[in-house]
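# A closer look at the structure
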Amino acid sequence: MNHLDYIIVFGFLALTFYVGSFFYRWIGSTDDFYVAGRKLTPFILAAVLTATNVNLYSFVGQAGIAYKHGISILWQTWTGNMALVFSGLFVLPILRRLRIKTIPEFLEMRYSKGVRTFVAVLWVFRLAFWLGVISYTAAIAAQPITGLHSFTAWILIFSVIAIIYTTLGGMWSVAFTDVMQFVFMMAGALVVLPLAMSQVGWWPQLVAQLPAESLTLVTQAGTYNWKFILAIFLLGIEWACVDQGLLQRAFGAENTKTVARGLVLAGIITTPFALLWNIPGLASRVLYPGLENADMAVPTLLANLLPNVVLGFVVCGLISSHLSTISGNLNGVATIFASDIYERVLNRKATDRDVLRIARIVTAITGIAMIVFAYLVPKLGGAVNAYLTIIAIMDMPLFVVAILYGLLWKRANWQGAIGGYAAGAVAGIIGTFWYELDFNTTTFISAGFALVFTPVISLLTSVPDPEKVHPIWSARRTSEEELRTNNVYHILPRTAPGRVSLSILVFGLLVFLVGVFLGSEGAAEASFIAVAGMILYFVGGLGRAYTN
């Protein structure tokens, strides 16, 4: 980068800081800080969710896996997008009707205050670690691109801006900077792909210079094989249903119908964009074979291929993807701590002003913890491995307890919830660090233990209070707010177009699963069938979101 590139980058950072800080004056209550007053429209929600889900973890971590193992890492994004559709159509409408701000708040409604506090404490650390992962990827990417080889300097440059404007403006700052950053991010990605492909001789030459298995989407063997696709699909559903950084935005939607449409649109929009960072990772393998650190694949590509000025704008796009994810998750951690721990446990007499002040303090403290965690990522094998390790252990048990049993089985109680979550997490820790099992196996083990222990413990202990369960079951139906505003959304469609769309979605899911299982047999047509099923699934989901 030359001086002009630096001017472009720091000008962009100044603009982001100004826009983010501007919304300080919009914050009059905790609802404004947490969920933007619940006024986000479908387009803004879709853009915000897309900007959050596409980050430097994708451009550095996933592209590095594509460089080393092949294109099958695409399924981490694609199955996550399928999960967004599922959650938007069937799960998030229920949670939006309950007008909650966090998943721990839902856990108190469904189980008890103890479950809420238990999960809230764990997830403050879980989200802070995730922020450390993406901060690590940002610093790794910036060094070869810019020529400033200081990990600490880039961690501070990227982090401090997001910390300040999120502390000041909360979700309003997150939402509007996300929309702006989404435009920069997509523009930068669209520049990189054709430049990379032109250097390798476009698609025919890329195919000719790579091992055949590198371009197989559903593989029989290897780390990212058909079992990985099933595991990451389950974790994608979990993520789309209980991830605080994502849900924080969804809870800011203006109504239930907006939640459904926003999540479906975000899932579909992001799907083709996944090619924008994975294919450059493959191209980098051809152009720069033998990189010691695979996470350097795309940064090396950018540093060597992009002319000055263009490089400055592309770096702005990469920074955008990073800042959008940091700001949203910082806001999520602050909301969990202030709403679920401070207000409910530490100071039950806190005023709205007190809670807002604590939320801002926690945002700043979490930012500092994020910087510390960034230094731990290399010790866990890089960005992707570090992230997959954490979610395999912690995330699936929460999904089992909160969504599967919380929404589908009335007999589940607070003892079963805590016991099931703890059993799943401990089993995951033992499997990962004692038996050194891979991510795929650990995911199934942690989920399996939670699935078994939750009902067993629940049946051996007291029956839950029906008064606590009733509001959750009532939220499956349309709410008074929907009827009053004439924005009714039915989880199970009432019209013929809605039923047809739902049938297409279910059929697409079955076709996708058939393709994945054919991959276990090494069938040549497995990849085509899986992708065709995914496309049908999206078509059905889009139709379902816009019909009743």
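Right, let's walk through the structure included here.

What counts and what doesn't
Residues numbered from 1 in each chain as written. Predicted model: local features only at pLDDT ≥ 70, side-chain atom pairs only at ≥ 80, totals over all residues. Heavy atoms only, no water. 1 Å grid on protein atoms, 1.4 Å probe; cavity = no way out; pocket = protein on both sides within 12 Å on 5 of 7 lines; lining within 4 Å. Points joined across faces, edges and corners; volume = space filled by probe spheres on them. Helix = DSSP H or I, 4+ residues; strand = E, 2+ residues; numbered from the N terminus. Nonpolar A, V, L, I, M, F, W, Y, C, P; charged D, E, K, R; others polar. Domains from an automatic or database assignment. Axes fitted to C-alpha atoms, helices over the stretch in contact; angles between N-to-C directions. Parallel < 35°, antiparallel > 145°, perpendicular 65-115°, else oblique. Left-handed = near helix turned anticlockwise from the far one by under 90°. Contact = heavy atoms within 4.5 Å. Salt bridge = Lys/Arg side-chain N within 4 Å of Asp/Glu carboxyl O. Buried < 20%, exposed > 50% of the residue type's maximum accessible area, 1.4 Å probe, protein only. Core = buried A, V, L, I, M, F, W, Y, C linked by side-chain atoms within 4.5 Å. Patch = residues over 30% accessible without salt bridge, like charges linked within 9 Å, V, L, I, M, F, W, Y side chains within 5 Å. Areas by Shrake-Rupley, 256 points an atom, 1.4 Å probe, with all protein chains shown as cover.

The subject of this paragraph is the layout of surface pockets. Considering only enclosed or pocket space, the second largest pocket measures out at about 390 Å³ in volume. As for the second largest pocket, its lining consists of 19 residues, of which F90, I94, R476, I491 and L492 are closest to the centre. Breaking the lining of the second largest pocket down by element, the ones donating at least two residues are helix 5 (74-97) and helix 17 (383-408). Per-class residue counts for the lining of the second largest pocket are 13 nonpolar, two polar and four charged. Looking at which domains feed residues into the lining of the second largest pocket, each of domain 1 (1-209 + 224-345 + 354-373) and domain 2 (381-481) gives three or more.

Where helix 6 (residues 103-110) meets helix 7 (residues 113-146), the axes come as close as 7 Å, and the angle between the chain directions of the two elements is 160°. As judged from the angle between their axes, helix 6 and helix 7 are roughly antiparallel. Handedness of the helix 6/helix 7 crossing: right-handed. Side by side, helix 6 and helix 7 meet where P104, E105, L107 and E108 of the first sit next to K113, V115, R116, V119 and A120 of the second. Residues belonging to the contact of helix 6 with helix 7 are distributed by class as follows: five nonpolar, no polar and four charged.

This part is about the pattern of salt bridges. For the structure on display, the rule yields three salt bridges. Here R116 makes a salt bridge to E108, at a shortest N to O gap of 2.4 Å. E108 matches R116 in its accessibility class, with the two residues each being buried. Note that D340 is salt-bridged to R116, the shortest N-O span being 2.5 Å. Of this pair, D340 sits in helix 15 (residues 310-346) while R116 sits in helix 7, and the two are 224 residues apart along the sequence. Here the two residues D340 and R116 agree in accessibility, since each one is buried. Overlapping salt bridges bring together E108, R116 and D340 as one network.

Turning our eyes to something else, we now look at the nonpolar core. Ranked by size, the top nonpolar core spans 165 residues in total, and within it W75, L95, F106 and L107 carry the most contacts. When residues in this core are grouped by element, the largest group, 19 residues, is from helix 7. Once you skip the residues sitting within four places of it in the chain, L107 turns out to touch S112, V115, R116, V119, L398 and A402.

Before going further, it helps to examine a nonpolar patch on the surface. A grouping of F449, L451, V452, F453, V456 and L460 is seen on the molecular surface, where their side chains present a nonpolar patch of about 550 Å² in accessible area. By relative accessible area, which is 71% here, L460 ends up exposed.

Here R99, not a glycine, exhibits a phi torsion of approximately 55°, which is positive. The backbone of W202 shows a phi angle near 60°, a positive value even though the residue is not glycine. Along the chain, the position of W202 falls in helix 9 (residues 202-209).

Take it as geometry only, folks, not as evidence of what the structure does.
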